[in-house]
Every structure is written in structure tokens, then in C-alpha cells.
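# Inside the fold
Spelled out from the first residue to the last, the chains are:
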Amino acid sequence: KRATANSRSVRPAVNVEIGFFHYALDPDGDWLWIEPYGWVWVPNAVAPFWRPYTVGHWAWTDWGWTWVSAERWGWATDHYGRWVRVGRHGWAWVPGEVWRPAWVAWRNGPGVVGWAPLPPEVRFRAGIGLDWGGNEIDVAIRLDAWCFVDDLRFTDTGVDRYAYPVGRNTTVIRTTRDATRLRVHDGRIVNEGIDRGELERKLHR
């Protein structure tokens, strides 16, 4: 059942030991040693143009915009750690120990919403925000990492069906702006991103 506004259906687990992921994810991918990240996990059965945070849907929860994955391994890879592109292997997941609603950057513009995985090099500092390591967002995040949809489709189930072709990203980037907003509330990181009130007015729900 799709989570709706103010839903409490997506609850974070306690911190997880990294070793647990090696056993849990092994059937669905391969573990590789990639410098400078160490052990990373690469899924073995995804579509040719697959990107993280595309097979599933977004839900508004107590932690802000939370990704609800339709992939059986998404409980781990979309809430712990980060995603990164690594050469010929494509997308690889770098494990992390602490649950988060989704590690993504946001963009929006007239009629469109977009998101992309935050690279491991991007750090979050309470009271300061994201540290891009001296880079601009469009340098830190590759053009083909972004997923864009019409804003009226943003909360639909199976959002990957409505994602723009990657080839359109060059044009859409020019008409959108950075909308990334992370903050700390009651000791947890809240992923606000796209303005919920504005979206509710457009969706009439």
C-alpha cells in the first residue's frame, strides 16, 4: 500500500553493522573492492538505463520525502550508504551504517521534479548543511544521474514508468534549479526537498 502524507509506515531500523549487508545482498549482486570506497555492491539484474531511486515511489513521512523501493534489496541500498558510478561496473552501492529517508539532491522547475543520488564525497553537517567538497552541484552530480518526471506524477507508484529519457536531461537541467533541503529535527535528518504544500495544491490531495 502506498504511503500518504503524514504516514508512519516507513520506519527506520537501528544502526546496522556493515557486515550484515554482505550476507543480505549477496544473492542479488556482486561485492567488489573499488578504491577509494573499499567494498561496494553492484546489483546484477537491472535494466540497461537503470538509476538508483527510480523503481518505487516517494512518500511524505515524519522524515520528509522518503523513498519506498519496489526492489527487494532497496530496504538497504536506498536508506543506508550512497550510490556512485564506478567505470565499467556502472552504479555501485557504498555501504553505510545509519538509516536515512533517502540520500538525494533535488531540482525543480515549471511542471517538473528531479532527484539524483548524492555521491559519497558529499557530506552533511548539522547546522551547516551539505558540503559539496568545493564543487557546484552540477559538477558533483553527473548529468545522467538525474531522474526527472512531471510534477503531477511525482508521488505515483512505479515512478520509473514516467521518468524522462536520460537524453532530455541536458535540456531539463537548464530549466530547473537546485531544491535540495536537508535539516536535523529531533536528532534525525529530514529530507524536505520539493515543497510539500505547493505539490498538494497541484495534486489536490
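Calculation notes
Residue numbers restart at each chain and count upward from 1, following the sequence in its written direction. Under the rules for a predicted model, residues below a pLDDT of 70 receive no local features and side-chain atom pairs below 80 are neither given nor counted, while totals for whole chains, interfaces and linings still include all residues. Remark: hydrogens and water are excluded; side-chain values derive from all non-hydrogen atoms of the structure. Salt bridges are defined by distance alone: a side-chain nitrogen of Lys or Arg within 4 Å of a carboxyl oxygen of Asp or Glu. Put simply, DSSP marks the helices as runs of H or I at least four residues long and the strands as runs of E at least two long, and each gets a number from the N terminus on. Only protein chains enter the accessibility calculation, which uses a 1.4 Å probe. A residue is then buried if its area is under 20% of the maximum for its type, exposed if over 50%, and partly exposed in between. Put simply, buried Ala, Val, Leu, Ile, Met, Phe, Trp, Tyr and Cys residues joined by side-chain atoms within 4.5 Å make one nonpolar core. Any two residues having at least one pair of non-hydrogen atoms within 4.5 Å are treated as being in contact. Throughout this description, a polar contact denotes any pair of N or O atoms lying within 3.5 Å of each other; where both atoms belong to protein, one of them has to be capable of donating a hydrogen while the other can accept it, and for residues adjacent in sequence the pair is counted only when both atoms sit in side chains.

## Observations concerning the pattern of salt bridges
Between side chains of opposite charge, a pair can form as their charged atoms come close. Summed over all chains, the structure comprises eight salt bridges. Residue Glu-200 pairs with Arg-196 through a salt bridge whose shortest N-O separation is 3.0 Å. In this pair, Glu-200 and Arg-196 are both assigned in helix H5 (residues 196–203), four residues apart and thus about one turn of the helix distant. Overall, the relative accessible area of 22% leaves Arg-196 in the partly exposed class. Taken together, the salt bridges that share partners define one network made up of Arg-85, Arg-142 and Asp-144.

## Comments concerning the nonpolar core
Ranked by size, the top nonpolar core spans 46 residues in total, and within it Trp-58, Trp-106, Trp-115 and Phe-154 carry the most contacts. In terms of residue count, strand E8 (residues 112–117) provides more of this core than any other element does, four residues in total. One finds Ile-34, Val-42, Val-84 and Val-94 within the second-largest nonpolar core, a separate group that totals seven residues.

## Re the environment of Asp-144
Tracing the chain through its elements places Asp-144 in the loop between helix H3 (137–140) and strand E11 (147–150). C-alpha of Asp-144 to C-alpha of Arg-51: the two residues are 93 residues apart in sequence and 8.8 Å apart in space. Dropping the residues within four chain positions of it, Asp-144 is found in contact with Arg-51, Arg-85, Val-166 and Asn-169. Here Arg-85 takes part through its side chain, which lies 3.3 Å from a polar atom of the side chain of Asp-144. Of note is the side chain of Asp-144, whose polar atom sits 3.0 Å from the side chain of Arg-142.

## Details of unusual backbone geometry
Geometrically, the link from Glu-35 to Pro-36 is a cis peptide bond, its omega value of 0° lying close to zero. Structurally, the position occupied by Pro-36 is in the loop between strand E1 (29–34) and strand E2 (38–43). You will see that Tyr-53, though not glycine, has its phi angle at about 60°, which is positive. Along the chain, the position of Tyr-53 falls in the loop between E2 and strand E3 (56–61). Classification of Tyr-53 by relative accessible area gives buried; the value is 2%. Of note in this structure, His-204 is not a glycine but carries a positive phi near 60°. Tracing the backbone shows His-204 in the segment after H5.

Note that every value here comes from positions in space, so none of it alone points to a role or purpose.
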